[in-house]
Amino acid sequence: MPPRRRLRPAERRAQLLAVAARLFAAHPYDEVLMEDVAEHAGVSRALLYRHFPGKRDLFAALYRQVAEQLLAATRLDPAGTLVEQLTEGLDAHIEYFAEHRNTVLAANRVLAGDRLVQTIITDELDALRERLLGVIPLADDGTRKAVSAVLKSWLVFVQVLCVDWLTEETCTRAELRDVCIGAVLGAIRPLLDEDPAPDWPR
């Protein structure tokens, strides 16, 4: 074990999460041991457990960080077109999913029944739905409720489709993204007075 550096609690926590991120990305969830995290971080197991009581707690903290980072990369701007913003947001998510396959599969498959991890995922999807509602032209509250319900189902569709794609890449990233964009445009167009993407499909 390398010599331990003295860090403030917040710095140590960040270091442990960075180490965990690398290990969970490189290995399936069941193969990552707390002992491995401690060793790679150069700390004792006791210190690791002081910050995170168990592997599930460590993974949940990591995935909350991931969700925040993905939300930060999906800053929707009403000045841009809906398709541009969907493209940017989906590209960010698909890129992360592809580069951190084991982490995403752990959250969506291995820990599919874990309430904390699923709450993190649900919170991110809800935040994305609110941002999308802010850039879609909505005539009234009734339209907003209808579109909100569609977006809620669409985001789950995207989640399931992308996780399945990680298991078997049946199309390219660009095709996956465009399937998702086409699905939401087709779903919300009947509810809107104004076409949110008149140039789609290109």
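See the structure above.
These numbers were taken from a predicted model, which means no experiment stands behind them. (Residues numbered from 1 in each chain as written. Predicted model: local features only at pLDDT ≥ 70, side-chain atom pairs only at ≥ 80, totals over all residues. Heavy atoms only, no water.)

Undergrad: Where do I start with the pattern of salt bridges in this structure?
TA: Working definition: two side chains of opposite charge can pair if their charged atoms are close together. A full pass over the atoms with the stated rule returns 10 salt bridges. Between Arg56 and Asp57 there is a salt bridge, with its nearest N and O atoms 3.4 Å apart. Asp126 is paired through a salt bridge with Arg129; the nearest N and O atoms lie 2.9 Å apart. With Asp126 and Arg129 both in helix 7 (residues 115–133) and three residues apart, this pair spans about one turn of that helix. Via salt bridges that share partners, Arg56, Asp57 and Asp114 belong to a single interconnected network. (Salt bridge = Lys/Arg side-chain N within 4 Å of Asp/Glu carboxyl O. Helix = DSSP H or I, 4+ residues; strand = E, 2+ residues; numbered from the N terminus.)

Undergrad: What is the right way to read helix 7 from this model?
TA: Because each turn of an α-helix spans 3.6 residues, side chains separated by three or four positions end up pointing in the same direction. In this model, helix 7 (19 residues) spans 26 Å end to end at C-alpha, consistent with the 27 Å of a helix rising 1.5 Å per residue. Within the span of helix 7, buried status applies to Val117, Gln118, Ile120, Ile121, Glu124, Leu125, Leu128, Arg129, Leu132 and Leu133. Buried residues along helix 7 sit in contact with helix 4 (55–72), helix 5 (82–99), helix 6 (101–110) and helix 8 (141–167). Where helix 7 begins, the capping side chain belongs to Asp114, and its oxygen is found 3.1 Å from the backbone nitrogen of Leu116. (Expected span 1.5 Å × (residues − 1). Buried < 20%, exposed > 50% of the residue type's maximum accessible area, 1.4 Å probe, protein only. Contact = heavy atoms within 4.5 Å. Polar contact = N/O pair within 3.5 Å; in protein donor to acceptor, adjacent residues only side chain to side chain.)

Undergrad: What exactly am I supposed to notice about the nonpolar core here?
TA: As a rule of thumb, nonpolar side chains are buried together in soluble globular proteins. Among the nonpolar cores identified, the biggest contains 66 residues, and Phe59 and Trp154 are the most heavily contacted of them. By residue number, the principal contributor to this core is helix 4, which donates 10 residues. Setting aside residues up to four positions removed in sequence, Phe59 forms contacts with Phe24, Tyr29, Thr103, Ala106, Ala107, Leu111 and Val117. (Core = buried A, V, L, I, M, F, W, Y, C linked by side-chain atoms within 4.5 Å.)

Undergrad: Is there a simple way to explain the packing of aromatic side chains in this structure?
TA: Centre distance and the angle of the planes are the two values used to describe a pair of aromatic rings. In total, this model carries four aromatic pairs according to the counting rule given. Centroid distance Phe24 to Phe59: 5.1 Å. Interplanar angle 85°. Geometry classified as edge-to-face. Here Phe59 lies in helix 4 and Phe24 lies in helix 1 (residues 9–26), a separation of 35 residues in the sequence. The class of Phe59 is buried, set by a relative accessible area of 0%. A ring pair is formed by Tyr29 and Phe59, whose centres lie 5.5 Å apart and whose planes are at 90°; its orientation type is edge-to-face. With Tyr29 in the loop between helix 1 and helix 2 (34–41) and Phe59 in helix 4, this residue pair connects regions lying 30 residues apart in the sequence. An aromatic cluster is built from Phe24, Tyr29, Phe59 and Tyr63, whose rings are joined through pairwise contacts. The ring centre of Tyr29 lies 4.1 Å from the NZ or CZ of Lys55, which sits over that ring. (Phe/Tyr/Trp six-rings, centres within 6.5 Å; stacked < 30°, edge-to-face > 60°. Lys NZ or Arg CZ within 6 Å of the ring centre and 35° of its normal.)

Geometric descriptors of this kind do not, in isolation, establish any biological role.
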